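Take a look at the letters that make up each chain.
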Amino acid sequence: PSELRHAPEAAVTHIRLVRSPRAPRSMPAVGGQLDSGLFVPLRPFARRHVKTAMCTQAAWDFDFLQRRVPGHVEFWFRYHLEVLGVDEVYLYDFDGSFREVSFLSELRDQGRVIYEDGLGLMLPLPDIIGQHGLQTYTAYFAQTAVQQHCWQQARHNADWVISVSHGWDMFLFSPHGESLDQLLERLPPGEAVVVESVRYGSGDGIDTSEHPNAFGRFPFRVDLAVRPEDFGSPSERVLIAPPRLVAGSVLSEFMPRTEAPLASALGHSVEFMPPRMRHPHALDKNVWR
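Residues numbered from 1 in each chain as written. Predicted model: local features only at pLDDT ≥ 70, side-chain atom pairs only at ≥ 80, totals over all residues. Heavy atoms only, no water.

**A word on the overall build of the protein chain**
- Of the regular secondary structure elements, the protein chain holds 10 helices and 10 strands.
- Counting across all 289 residues of the protein chain, residues that qualify as buried make up 45%.
- Restricting to contacts in the protein chain with at least 6 residues of sequence separation, those with at least 24 account for 78%.
- Accessible area for the protein chain stands at about 15,900 Å²; split by element, carbon and sulfur atoms hold 53% of it. (Helix = DSSP H or I, 4+ residues; strand = E, 2+ residues; numbered from the N terminus. Buried < 20%, exposed > 50% of the residue type's maximum accessible area, 1.4 Å probe, protein only. Contact = heavy atoms within 4.5 Å. Areas by Shrake-Rupley, 256 points an atom, 1.4 Å probe, with all protein chains shown as cover.)

**Quick look at the pattern of salt bridges**
- Tallied over the entire structure, the rule returns 7 salt bridges.
- Here R47 makes a salt bridge to E88, at a shortest N to O gap of 3.4 Å. Residue R47 is found in the loop between β2 (38-41) and β3 (50-55), and its partner E88 is found in strand β5 (residues 88-93); the two are separated by 41 residues along the sequence.
- Judged by its relative accessible area of 27%, R47 falls in the partly exposed class.
- Overlapping salt bridges bring together E74, R78, E82 and E106 as one network. (Salt bridge = Lys/Arg side-chain N within 4 Å of Asp/Glu carboxyl O.)

**What about the state of the cysteines?**
- Following the criterion strictly, the structure yields 1 disulfide and no others.
- In this model C55 forms its disulfide with C150; the gap between the sulfur atoms is 2.0 Å. The S-S bond linking C55 to C150 shows a torsion near -85 degrees; that makes this disulfide left-handed. Placement of C55 in strand β3 and of C150 in helix α7 (residues 143-154) is noted, with a sequence separation of 95 residues between them. We note that C55, like C150, is buried. (Disulfide = S-S within 2.5 Å.)

**Focus: helix α4 (residues 102-109)**
- Of the residues making up α4, those classed as buried are F103, L104 and L107. The arc that holds the buried residues of α4, viewed along the axis, is 100 degrees, so those residues lie on one side. Across α4 from its buried face, at more than 90 degrees, point the exposed residues S102 and D109.
- Those residues of α4 hidden inside the fold are in contact with α2 (62-68), α3 (72-83), β5 and β6 (113-116).
- After α4 finishes, the residue G111 shows a positive phi value of roughly 75 degrees. (Arc of directions from axis to C-beta.)

**Digging into helix α5 (residues 125-132)**
- Where α5 is concerned, the buried positions are L125, I128 and I129. What you see down the axis of α5 is that its buried residues fit within an arc of 95 degrees, all on one side. Along α5, exposed side chains directed more than 90 degrees from the buried face belong to D127, G130 and Q131.

**Notes on the nonpolar core**
- F77, L91, F98, I162 and I240 are the most contacted members of the largest nonpolar core, which has 38 residues in total.
- Elements that contribute at least two residues to this core include exactly α3, β5, α4, β6, β7 (158-164), α8 (180-186), β8 (193-196) and β9 (237-241).
- Among the elements that line this core, the one with the most residues is α3, at 5 residues. (Core = buried A, V, L, I, M, F, W, Y, C linked by side-chain atoms within 4.5 Å.)

**Re the layout of surface pockets**
- A volume near 320 Å³ is recorded for the second largest pocket.
- Residue lining of the second largest pocket: R43, P44, F45, A46, R47, E116, Q153 and H156, and that is the complete set.
- Its residues placed into classes, the lining of the second largest pocket shows 3 nonpolar, 2 polar and 3 charged. (1 Å grid on protein atoms, 1.4 Å probe; cavity = no way out; pocket = protein on both sides within 12 Å on 5 of 7 lines; lining within 4 Å. Points joined across faces, edges and corners; volume = space filled by probe spheres on them. Nonpolar A, V, L, I, M, F, W, Y, C, P; charged D, E, K, R; others polar.)

**Focus: unusual backbone geometry**
- At D61, a position not held by glycine, the phi torsion is positive, near 55 degrees.
- Examined against the element boundaries, D61 turns out to sit in the loop between β4 (58-59) and α2.
- Judged by relative accessible area, D61 falls into the partly exposed class, the value being 32%.

Next comes the structure, spelled out in structure tokens:
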């Protein structure tokens, strides 16, 4: 309405959804035969302001992960939240198997884990998952949408987003001993940086089978020249940037896709990145990896 154009302090209370003029004639009207639109009420964003939010990949089949590597998922969350000091981690549960996990319920109640379970219903994912099951290559069809949704949500209350696009086997770590707060204090405002990945391993002649967590089984005796791409895997990077750098209108243009799914993760393609995110500065691997 024209009266709101001159009242920037006025709160927007609803939006109206209407059918696009370019929509096919067969598309049903929104809000009735005259297409008067569908009025959707809005509510204030209620979560607290935080410095950091972490985005990761879609998750499924918690019981399998627990059987395969007992305690690893809890260790991953508690490491990034309680040791590294990330404020919020977004969890995208594609099959509901993480919903009743006790330690995640605790972290959700504390506002440390943001639980989302709706993106798995995006078309055509239900058909793909119904035919092929939930596994890495089917879940990655929605990786771009997962990452974009997380960044768009984080724009409301986070200063920085840490995008760990291939979650459970990646740990953000500083062998130099720098804290996350120290890193963020020295990063240039309004710019994106990447943390390059290296392979972690146990070292020769060391029995690590009895260690209870990933850091015990895989101490950081790392050859910095050994990179994922040397093994035929996609190069993996952790992207750190202010979430406002991601264009606000992009999410509406994305859908699950079946071509090059691994390349669709944020940080591996530039198709939806603004100019300041297309050539991010890489941090020293001796300081952060």
